[in-house]
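Below are the chains, spelled out letter by letter.
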Amino acid sequence: MENNIYRGIDYSKIYDSKYTSSTYDEHSMGKSLKRYIEIKLVDEIFDEKIKTIKIVCEYDRLKGVSKKEKNDKLFNYKRPTTIINGDTAIIRCYPGVDYVYHYASLVETYLKILGLNKKISVEFPTEEQVYSELKKSNLLSIPKVKTVILGYVVGFDYLSNDKEWNGKGDFLWKSLDKDKILVGCKHSYWGDIAGYIVSILASMGVQNVIYIGKLGTLNKNNIPNESIATGSKSVFIDGSYVEWNNMFNDEKCPFIRKGVHFTLPSIIQETKEWVNDNYKTIDYVDPEIGHMAKAAIDNNINFSYIHIISDSLVNKYAEDLSNERKTEIIEKRKKLINIIGDCIQKI
């Protein structure tokens, strides 16, 4: 693999690590794993005529858009596109080391589940490619403010007096007041991409970045869709970690649980073995938080996250990442969204 070193981490070793899942029995999601992957990948790549599947870093929305993309969302709906060239399927991801790795892991695992043998080729981006793609967007056009709120922001537009979302491009925004703004994005900024966004925001004079989203828990006391996560430490897969000052640390709300986070490149790595190795010291897991916190520290700005706990890796619930769009789950999350909204207003 080319370009496999990112911030001191050798991604070729991660790609071949023991945490790459291949069966239901090995993964913390169990049989829900198949459904989770199916909604991410197009069926055509598993046709018998396809011999090679290439995962590359190329943001191209002109052709190959998946029919499985969610068409009822304003943000975070654009997924990698897929084109077929003879006996080769090319999955084109938004440039990001973790994003490319994640989709390669999805493909590899699903091939093993189906018992298929196809060649997999992976192309990781350079840092310059990630920066270049983001700088071509309209991210640099957002208003100059002190605090930017990223992630799942559409649930908090009721806090804004703006009737419509502003902006022309992948990034849209609504102002909360003269110092705070909600910024949503149409494509996924998985893993390290989110760190680059924080760096760019810092270069624009932003002083505080707040990330709102969802994550998994390794703490058996946290119930999915009934708890909120925050914290001030994240561990990386190579054992290094980052710590920061968390602006939600003094919140006394019983629904908000503070804990240690793990920045893991792909959900596919959330195997039972990984959970067993980490559940005693780690409370939360997602791909972005550590990268965002490190970028904030490197650029001398503040970062905090406040996330809905969406799934448990240690207790089996009917609710997991394969069915989170069910009506009853959406209703549960509305209560948590209101609590997070109250926290935002206090800033």
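Enquirer: Quick rundown of the packing of helix α4 (residues 127–136) against helix α5 (residues 192–203)? Include the residues and the values.
Expert: Packed helix pairs are specified by the crossing angle of their axes together with the interaxial distance, meaning the distance between the axes. One way to put it is that α4 packs onto α5 with a least axis distance of 10 Å and a crossing angle of 60°. Considering their axes alone, α4 and α5 lie oblique with respect to each other. Relative to α5, the crossing made by α4 is right-handed. Residues E127, V130, Y131, L134 and K135 of α4 touch α5, and the partners they reach there are I193, Y196, I197, S199 and I200. Among the residues making up the contact of α4 with α5, the classes are represented as seven nonpolar, one polar and two charged.

Enquirer: Before we move on, can you summarise the sheet that holds strand β5 (residues 88–93) with the specific residues and values?
Expert: Reading across the sheet, the four strands line up as β4-β5-β3-β6 and stay open at both edges, with mixed pairing between neighbours. Looking at which strands have only one partner, the edges of the open sheet turn out to be β4 (81–85) and β6 (119–122). Averaged over all adjacent pairs, the angle separating strand axes in this sheet is 20°, with direction ignored. Across the sheet, helix α3 (residues 97–114) lies against β3 (52–57), β5 and β6, angled at about 165° from β3, the strand it touches most.

Enquirer: Talk me through α5; I want residue IDs and the actual numbers.
Expert: Look at α5: 17 Å from first C-alpha to last across twelve residues, which is about the 16 Å you get at 1.5 Å a residue. The buried count for α5 comes to eleven of twelve residues, which makes it a mostly enclosed element. All buried positions along α5 are accounted for by D192, I193, A194, G195, Y196, I197, V198, S199, I200, L201 and A202. The positive-phi residue at the C-terminal boundary of α5 is G205, with phi of around 100°.

Enquirer: I'd like a description of unusual backbone geometry, backed by residues and values.
Expert: With the exception of glycine, the majority of residues adopt a negative phi angle, and the majority of peptide bonds are in the trans configuration. The phi torsion at N76 lies on the positive side, around 55°, for a residue other than glycine. Note on placement: N76 falls in the loop between β3 and β4. When its relative accessible area of 32% is taken as the criterion, N76 is described as partly exposed. One non-glycine residue, N300, lies in the positive phi region at around 60°. In this structure, N300 sits in the loop between α7 (289–298) and β18 (302–305).

Cut-offs used in this document
Residues numbered from 1 in each chain as written. Predicted model: local features only at pLDDT ≥ 70, side-chain atom pairs only at ≥ 80, totals over all residues. Heavy atoms only, no water. Axes fitted to C-alpha atoms, helices over the stretch in contact; angles between N-to-C directions. Helix = DSSP H or I, 4+ residues; strand = E, 2+ residues; numbered from the N terminus. Parallel < 35°, antiparallel > 145°, perpendicular 65-115°, else oblique. Left-handed = near helix turned anticlockwise from the far one by under 90°. Contact = heavy atoms within 4.5 Å. Nonpolar A, V, L, I, M, F, W, Y, C, P; charged D, E, K, R; others polar. Pairing = 2+ DSSP bridges. Expected span 1.5 Å × (residues − 1). Buried < 20%, exposed > 50% of the residue type's maximum accessible area, 1.4 Å probe, protein only.

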